[in-house]
Amino acid sequence: MFEVVAFYLFAFLTIAMFSITVMTNNALYALSSLAAGMIFISAFFFILDADFLGVVQIVVYTGAVMALYAFGMMFFDSMAEVEEKIASPRLKFFLSGMIALIVVIIFVAPIIGENALKGLYPIHLEYGNAQDVGLVLFTKYIVPFEVAAVMLLVAMIGGIILAGKKMDTNLTLLSEEAIDELEKTHDVKDKK
Amino acid sequence: MSLALNDYLILSTIIFVIGLIGVIRRKNLLMLFFSTEIMLNAVNIGLAAISKFHGDLTGQMFAFFIVAIAASEVAVGLGLLILLYKRKGSINLDSIVSMKG
């Protein structure tokens, strides 16, 4: 009973938060409602006995990803309204039809897969979730785990190289004249 | 009254469709990134639910790798977005249309 109440409460909250993210025009509202929605989603993982996944969700999304977005938003004036005009309603119609089809397939899939194979790596309730996950992750999934580690390293280096260009000039250490000079050259380049 | 697998899958679908509406409707590139995150999270809920109801850890493993992929996607994507903003001065999706088609 408690489970059902928690499920519907968090389902309502998550859908409300993500709707705000998608519909709002203010980037700050979008960012904070997305962070809230991510935390509410972790509640489902706790309900589903996937404790470790829930903790990872909170740490990675609201700790790392949201901080990264907030940091990235400082680089562009995110408060500026982006004019959104939608061209070609026919394309929109087609895409909506395709989405409806996908929804039908998703709803039918569990009925088709009713007698799917049981448990490749079964859950041991007596171990606890974190230990169970660790046992499978570091034996059966060790190669994907290492590949994911290399991928994260590549992504980190790529992010630094892409975003870090021309970040060696520090406005607080420059004199007024030097800043004026810098802005002038920047304006000229923008006009080009 | 207890929850069945279908409840979670329906919730997962609703959240996924919200993300998809965002991808189709928004022209702000930052919002496209947010919508992608929403869609990845929706899939994670579905995988965790299937993992629980089939008594199998594989779903949770996939969810972990999806989280890792989402994190690296954000790092590279934001780097590209900052680079694009420096070059074009705007994060509107229409401003990067340079090919005629």
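Just so you know, these numbers come straight off a predicted model, no measurement behind them.

**Student:** Explain the overall build of chain B to me, using residue names and the numbers behind them.
**Tutor:** When you go through chain B residue by residue, the secondary structure sums to 3 helices and 0 strands. The linear arrangement of helices and strands in chain B, starting from the amino end, is α-α-α. Whereas a compact globule of 101 residues would reach a radius of gyration of roughly 13 Å, chain B reaches 17 Å, over 25% beyond that. Its C-alpha atoms put chain B at 55 × 25 × 25 Å along the principal axes. The buried share of chain B, taken over its 101 residues, is 46%.

**Student:** Summarise the packing of helix α1 (residues 5–25) of chain B against helix α2 (residues 29–53) of chain B; cite the residues concerned and give the values.
**Tutor:** Residue and element names in this part refer to chain B. Close contact between α1 and α2 brings their axes to 8 Å; oriented N to C, the two are set at 170 degrees. When the axis of α1 is compared with that of α2, the two are roughly antiparallel. Residue classes in the contact of α1 with α2 are distributed as 20 nonpolar, 6 polar and no charged.

**Student:** Can you explain the nonpolar core? Please cite residues and give values.
**Tutor:** Ranked by size, the top nonpolar core spans 55 residues in total, and within it B:Ile15, B:Ile45 and B:Ala48 carry the most contacts. At the level of secondary structure, the elements contributing two or more residues to this core comprise α1 (2–23), α2 (27–47), α3 (51–73), α5 (129–137) and α6 (142–163) of chain A together with α1, α2 and α3 (58–88) of chain B. If you tally residues by element for this core, the top one is α2(B), at 12 residues. Composition of this core by domain shows at least three residues from each of domain 1 (1–84) and domain 2 (141–192) of chain A. For B:Ile15, the contacting residues outside a window of four places in its chain are A:Thr14, A:Ile15, A:Phe18, B:Ile38, B:Asn41, B:Ala42 and B:Ile45.

**Student:** So what about α3(A)? Which residues, and what values?
**Tutor:** Its 23 residues place the ends of α3(A) 31 Å apart at the C-alpha level, agreeing with the 33 Å of an ideal helix rising 1.5 Å per residue. The largest bend along α3(A) reaches roughly 25 degrees and is located at A:Met66. Of all the positions in α3(A), only A:Leu53, A:Gly54, A:Val56, A:Gln57, A:Tyr61, A:Val65, A:Tyr69 and A:Gly72 are classed as buried. Buried residues in α3(A) make contact with α2 of chain A together with α2 and α3 of chain B.

Rules and cut-offs
Residues numbered from 1 in each chain as written. Chains lettered and ligands numbered in written order. Predicted model: local features only at pLDDT ≥ 70, side-chain atom pairs only at ≥ 80, totals over all residues. Helix = DSSP H or I, 4+ residues; strand = E, 2+ residues; numbered from the N terminus. Rg over C-alpha atoms; globule rule 2.2 N^0.38 Å. Buried ≥ 20, exposed ≤ 12 C-beta atoms within 10 Å, placed from the backbone. Axes fitted to C-alpha atoms, helices over the stretch in contact; angles between N-to-C directions. Parallel < 35°, antiparallel > 145°, perpendicular 65-115°, else oblique. Nonpolar A, V, L, I, M, F, W, Y, C, P; charged D, E, K, R; others polar. Core = buried A, V, L, I, M, F, W, Y, C linked by C-beta atoms within 7 Å. Domains from an automatic or database assignment. Contact = placed C-beta atoms within 7 Å. Expected span 1.5 Å × (residues − 1). Bend = angle between axes of the 7 residues up to and from the residue.

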